[in-house]
Amino acid sequence: MKNLAYLSIGVIFGITMFKSEAASWFRIYEMFNFQAFHMYGIIGVALFFGVLMTAIIKKKNIKSFYGVPVKFDDKEKSIKRYLFGGIIFGLGWALAGACPGPMFTLVGAGFYGILIVIGFAMLGTYVYGIFKNKLPH
Amino acid sequence: MMNFILDPWPWYVSGGLIAFVMFLLLMMGDSFGMSSNLRTLCTICGAGKKTDFFDFNWKSQKWNLLVMTGAVVGGFIGSHFLSSHSGVAISNETILSLQEYGIDSSTTSYLPIEIFEAYSVKSILLLAIGGFLVGFGARYAGGCTSGHAISGLSNLQLPSLIAVVGFFVGGLFMIHVLFPFIF
């Protein structure tokens, strides 16, 4: 039952990514060229509701479906890792035109070239894991 | 109504649905963040034997792998049952600037076939490098678009704002500085 719930949430997410065209390389290219409002609208609306719901859940102490307080993890304070990591991620995001969610959506949509992106994203994750302690964080 | 489903979904519907997905995951007692699945996949492939970073019980992340699997299924449903055409309605300016790079498949394809279906040495290299940077960068920054730009910013996390600024610095540099050399 719980498994089915997670799977269903993923299905909603996948359909949304595909139908919003946020999974399209073209939309990412257009976004970084500031030639349409579309992607900014998507992120903006998601954030509007996201900020609102996070504030309400915290303020009203809303419990999860399982009766325990909803947990929010504060990110550890630093600048370097977020800036350097973010820039590296952005370079790849613009080139491959897909971030780690839409990548999987595109597999389901039948674009098998994306498997190269996923394979190398795993390799990139692995290489980070190896050099983690040598990198400035 | 049918057209509303078959046409691309407008930004306000899509943005609302993303927030809804985050809400459901929070209420399940988890959080919205897709890139950590890449780490879990490395662990499943046995990376934990060599590196501590991957040495954790991947079953604790089974829920997120299920969300990821759902995203694959959602992509299948979206493209096979909920779409009537395959092009992407990007702006005319965008179409023109892509033509200069020899990419003109936006009216007929969801992804540029010149990159994703050419299977030339160059296109494979671009996909490989792009993927590598996404995977490396997401873990280095501790999250991706979902974890930082949506979850983190919703929780007013300064680190997430720094990461998102980084995403844009990198993305803008790639498109405006490097693309003219690549294409």
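Residues numbered from 1 in each chain as written. Chains lettered and ligands numbered in written order. Predicted model: local features only at pLDDT ≥ 70, side-chain atom pairs only at ≥ 80, totals over all residues. Heavy atoms only, no water.

Undergrad: Looking at this structure, how should I read the overall build of chain B?
TA: Looking only at helices and strands, one finds nine helices and zero strands in chain B. Counting helices and strands in the order they occur from the N terminus, chain B gives α-α-α-α-α-α-α-α-α. Overall, chain B is about 45 × 45 × 35 Å in size when its C-alpha atoms are taken along their principal axes. Taken across its 183 residues, chain B has 56% of its residues classed as buried. Contacts in chain B between residues far apart in sequence, at least 24 positions, make up 47% of those at least 6 positions apart. A total accessible area of about 7,900 Å² is found for chain B, and carbon and sulfur atoms account for 67% of it. Charged side chains in chain B number 7 positive and 9 negative. The centres of these two groups are separated by 21 Å. (Helix = DSSP H or I, 4+ residues; strand = E, 2+ residues; numbered from the N terminus. Buried < 20%, exposed > 50% of the residue type's maximum accessible area, 1.4 Å probe, protein only. Contact = heavy atoms within 4.5 Å. Areas by Shrake-Rupley, 256 points an atom, 1.4 Å probe, with all protein chains shown as cover. Lys, Arg positive; Asp, Glu negative; His and termini not counted. Charge placed at Lys NZ, Arg CZ, Asp CG, Glu CD.)

Undergrad: Looking at this structure, how should I read the packing of helix α3 (residues 36–44) of chain B against helix α4 (residues 62–80) of chain B?
TA: Two numbers describe a pair of packed helices, the interaxial angle and the distance between the axes. Residue and element names in this part refer to chain B. Where α3 meets α4, the axes come as close as 10 Å, and the angle between the chain directions of the two elements is 110°. Comparing the axis directions of α3 and α4 gives the class roughly perpendicular. The interaxial crossing formed by α3 with α4 has left-handed handedness. Counting all contacts with α3, which are made through Ser36, Asn37, Thr40, Leu41 and Ile44, the residues of α4 involved are Asn64, Leu65 and Met68. Looking at the contact of α3 with α4 residue by residue, the class counts come to four nonpolar, four polar and no charged. (Axes fitted to C-alpha atoms, helices over the stretch in contact; angles between N-to-C directions. Parallel < 35°, antiparallel > 145°, perpendicular 65-115°, else oblique. Left-handed = near helix turned anticlockwise from the far one by under 90°. Nonpolar A, V, L, I, M, F, W, Y, C, P; charged D, E, K, R; others polar.)

Undergrad: Can you help me understand a nonpolar patch on the surface in this one?
TA: Residue and element names in this part refer to chain A. Taken together, the side chains of Phe48, Phe49, Leu52, Ile56 and Ile62 define a hydrophobic patch exposed on the protein surface, amounting to about 450 Å² of accessible area. Among the structural elements, phenylalanine 48 can be located in helix α3 (residues 38–59). With relative accessibility at 53%, the residue phenylalanine 48 sits in the exposed group. (Patch = residues over 30% accessible without salt bridge, like charges linked within 9 Å, V, L, I, M, F, W, Y side chains within 5 Å. Salt bridge = Lys/Arg side-chain N within 4 Å of Asp/Glu carboxyl O.)

Undergrad: Would you mind showing me how to read the environment of arginine 139 of chain B here?
TA: All names here are of chain B. Tracing the backbone through its elements, the reader meets arginine 139 in helix α7 (residues 121–141). Judged by its relative accessible area of 10%, arginine 139 is buried. Residues arginine 139 and histidine 85 lie 54 residues apart in sequence; the distance between their C-alpha atoms is 35 Å.

Undergrad: Teacher, can you tell me more about the pattern of salt bridges here?
TA: A pair can form between side chains of opposite charge whenever their charged atoms are brought close. Residues and elements named next belong to chain A. Taken as a whole and judged by the stated rule, the model has three salt bridges over all chains. Where arginine 27 meets glutamate 30, a salt bridge forms, and the shortest distance between an N and an O atom there is 2.7 Å. Note that arginine 27 and glutamate 30 are positioned in helix α2 (residues 25–32) at a spacing of three residues, about one turn of the helix. The class of arginine 27 is buried, set by a relative accessible area of 7%. Glutamate 30 gets classed as buried once you look at its relative accessible area, which sits at 2%.

Undergrad: Mind showing me how you'd approach the layout of surface pockets here?
TA: In this approach the atoms are scanned with a rolling probe the size of a water molecule, which exposes any empty space left behind. Within this model, the largest pocket holds a volume of roughly 880 Å³. Contributions of two or more residues to the lining of the largest pocket are made by α4 (80–96) of chain A together with α2 (11–27), α3, α4, α7 and α8 (145–154) of chain B. In terms of residue class, the lining of the largest pocket is built from 12 nonpolar, 16 polar and 10 charged. Of the volumes computed, that of the second largest pocket is approximately 170 Å³. (1 Å grid on protein atoms, 1.4 Å probe; cavity = no way out; pocket = protein on both sides within 12 Å on 5 of 7 lines; lining within 4 Å. Points joined across faces, edges and corners; volume = space filled by probe spheres on them.)

Undergrad: I tried to follow the interface of chain B and chain A on my own but got confused; where do I start?
TA: Think of interface size as the accessible area that goes away when the parts come together; that is how it is often given. Counting residues at the interface gives 125 residues for chain B and 109 residues for chain A. Summed over both sides, the interface of chain B with chain A buries roughly 10,400 Å², with 78% coming from carbon and sulfur. Linking chain B with chain A are zero salt bridges, by the criterion used here. On inspection of chain B and its partner chain A, the count reaches 32 residue pairs in polar contact (both at pLDDT 80 or more). Grouping the amino acids of the side of chain B that touches chain A by side-chain chemistry returns 79 nonpolar, 38 polar and eight charged. (Buried area = accessible area lost by both parts, 1.4 Å probe. Polar contact = N/O pair within 3.5 Å; in protein donor to acceptor, adjacent residues only side chain to side chain.)

Undergrad: Which parts of the structure should I look at to understand unusual backbone geometry?
TA: Generally, phi is negative for residues other than glycine and the peptide bonds are trans, each holding for most cases. Residues and elements named next belong to chain A. The backbone phi angle of glutamate 21 is positive, close to 70°, even though this residue is not glycine. Checked against the element boundaries, glutamate 21 lands in the loop between α1 (2–19) and α2. The class of glutamate 21 is buried, set by a relative accessible area of 3%.

Undergrad: Explanation requested: empty space enclosed by the protein in the structure shown.
TA: Inspection of every chain in the model, using the stated rule, returns one cavity of 30 Å³ or more. Each pocket or cavity is described by its volume, and for the largest cavity that value is around 190 Å³. For the largest cavity, the lining is made up of 17 residues, of which Met17 and Cys99 of chain A together with Ile18, Thr145 and Ile150 of chain B are closest to its centre. Those elements that place two or more of their residues in the lining of the largest cavity are α1 and α3 of chain A together with α8 of chain B. Considered class by class, the residues forming the lining of the largest cavity number 14 nonpolar, three polar and no charged.

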